[in-house]
Amino acid sequence: MSTAIYPGSFDPVTYGHIDIITRASGMFDHIIVSVLNNPSKSPLFTVEERVTMLKECTAHLKNVEIDSFSGLLVDYAREKNCHIAIRGLRAMTDFDYELHFAQTNFTISKGDLETVFLTTDLAYSFLSSTTVREIASFHGDVSELVPKYVCKCLYKKFGYEN
Ligand code: PNS
């Protein structure tokens, strides 16, 4: 069975992430979407909230599992007996970081963790969780950017309706 991990912060999950998850779920038998629990960052949503949002938004994809992890991705992948990480590439601006990340993971896993890049659908190439958080923080309309359930969570977090 082919399994791939799609790791990320997902703070919150956007239509760009959903597009990558959907396409990856058609390429592999099993996808584990895993939220990084990083205590050194102060995310908008807790890990539990991010996991719940991901579960709600991917419930229709039967081969997708939602999880969370702490520490190094290579250690988590080994624990899951998984040798492929998926990352989305929106634009050249992502490339430097993603190349470094993929090469580092390949090296420190001693060749055990490959990274497969999926290029983001053009419709979402401008989209990031940071942008979504900023718009929502100013009580803007994010309904074109994130699924309905995530919209509701954002409106609740920032105390408004749209
Ligand atoms: O959505 P993001 O913030 O771009 O995701 C980044 C993420 C979570 C995939 C990455 O930061 C990660 O896997 N961190 C875990 C720590 C790690 O394995 N670092 C690798 C050495 S550079």
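Structure's up top.
Residues numbered from 1 in each chain as written. Predicted model: local features only at pLDDT ≥ 70, side-chain atom pairs only at ≥ 80, totals over all residues. Heavy atoms only, no water.

1. A few points about the layout of surface pockets
Quick reminder of the rule: Using a 1 Å grid laid over the protein atoms alone, points where a 1.4 Å probe fits but cannot get out form a cavity; open sets with protein on both sides within 12 Å along at least 5 of 7 lines form a pocket; any residue with an atom within 4 Å of a point counts as lining. Grid points are joined across faces, edges and corners, and a volume is the space filled by probe spheres set on the points. Only DSSP runs of H or I reaching four residues or more are called helices, and only runs of E reaching two or more are called strands; each is numbered from the N terminus. Residues were grouped as follows: Ala, Val, Leu, Ile, Met, Phe, Trp, Tyr, Cys and Pro as nonpolar; Asp, Glu, Lys and Arg as charged; and all remaining residues, including Gly, as polar.
For the largest pocket, the calculated volume is near 1,000 Å³. Mapped onto the lining of the largest pocket, the elements with two or more residues apiece are β1 (3-8), α1 (15-25), α3 (73-79), β4 (84-89), α4 (92-108) and α5 (129-137). For the lining of the largest pocket, the element with the most residues is α4, which contributes eight residues. Taken together, the residues of the lining of the largest pocket break down into 16 nonpolar, 16 polar and eight charged.

2. What to know about the pattern of salt bridges
We count it as follows: Salt bridge, as used here, is a side-chain nitrogen of Lys or Arg placed within 4 Å of a carboxyl oxygen of Asp or Glu. Each residue is placed in one exposure class: buried if its accessible area under a 1.4 Å probe, protein chains only, is under 20% of its type's maximum, exposed if it is over 50%, and partly exposed if it falls in between.
Applying the stated criterion to the full structure yields seven salt bridges. Between Glu 98 and Arg 87 there is a salt bridge whose closest N-O contact spans 2.8 Å. Here Arg 87 lies in strand β4 and Glu 98 lies in helix α4, a separation of eleven residues in the sequence. Accessibility expressed as a relative area gives 15% for Arg 87, which makes it buried.

3. What about the state of the cysteines?
Each disulfide is one covalent bond, formed between the sulfur atoms of two cysteines. Under the convention used in this document: In plain terms, two cysteine sulfur atoms within 2.5 Å form what is called a disulfide here.
Enumeration over the complete set of coordinates arrives at zero disulfides. The structure places no disulfide on Cys 57, whose sulfur is separated from the nearest cysteine sulfur, that of Cys 153, by 8.0 Å.

4. Structural notes on the site of the ligand
To be explicit about the condition: Note on terminology: near, applied to a residue and a molecule or strand, indicates that one of the residue's heavy atoms is within 4 Å of it. Residues adjacent in sequence count toward polar contacts only when both atoms are side-chain atoms; beyond that, a polar contact is any pair of N or O atoms within 3.5 Å, and within protein one must be able to donate a hydrogen and the other to accept it. A 1.4 Å probe and the Shrake-Rupley method give the accessible areas. Residues count as covered only by the protein chains that appear here. A cavity or pocket is said to hold a molecule if more than half of that molecule's atoms lie within 2 Å of its grid points.
The environment of the ligand is made up of 13 residues, and the closest members are Ser 9, Gly 71, Leu 73, Arg 87 and Phe 101. Between Ser 9 and the ligand, the recorded distance is 2.6 Å, taken from a side-chain N or O atom to an oxygen atom. The separation between an oxygen atom of the ligand and a polar side-chain atom of Arg 87 is 2.8 Å. Contact with the protein chains removes 73% of the 570 Å² of surface that the ligand exposes when unbound. Using a 2 Å cut-off from the grid points, one finds that the ligand occupies the largest pocket.

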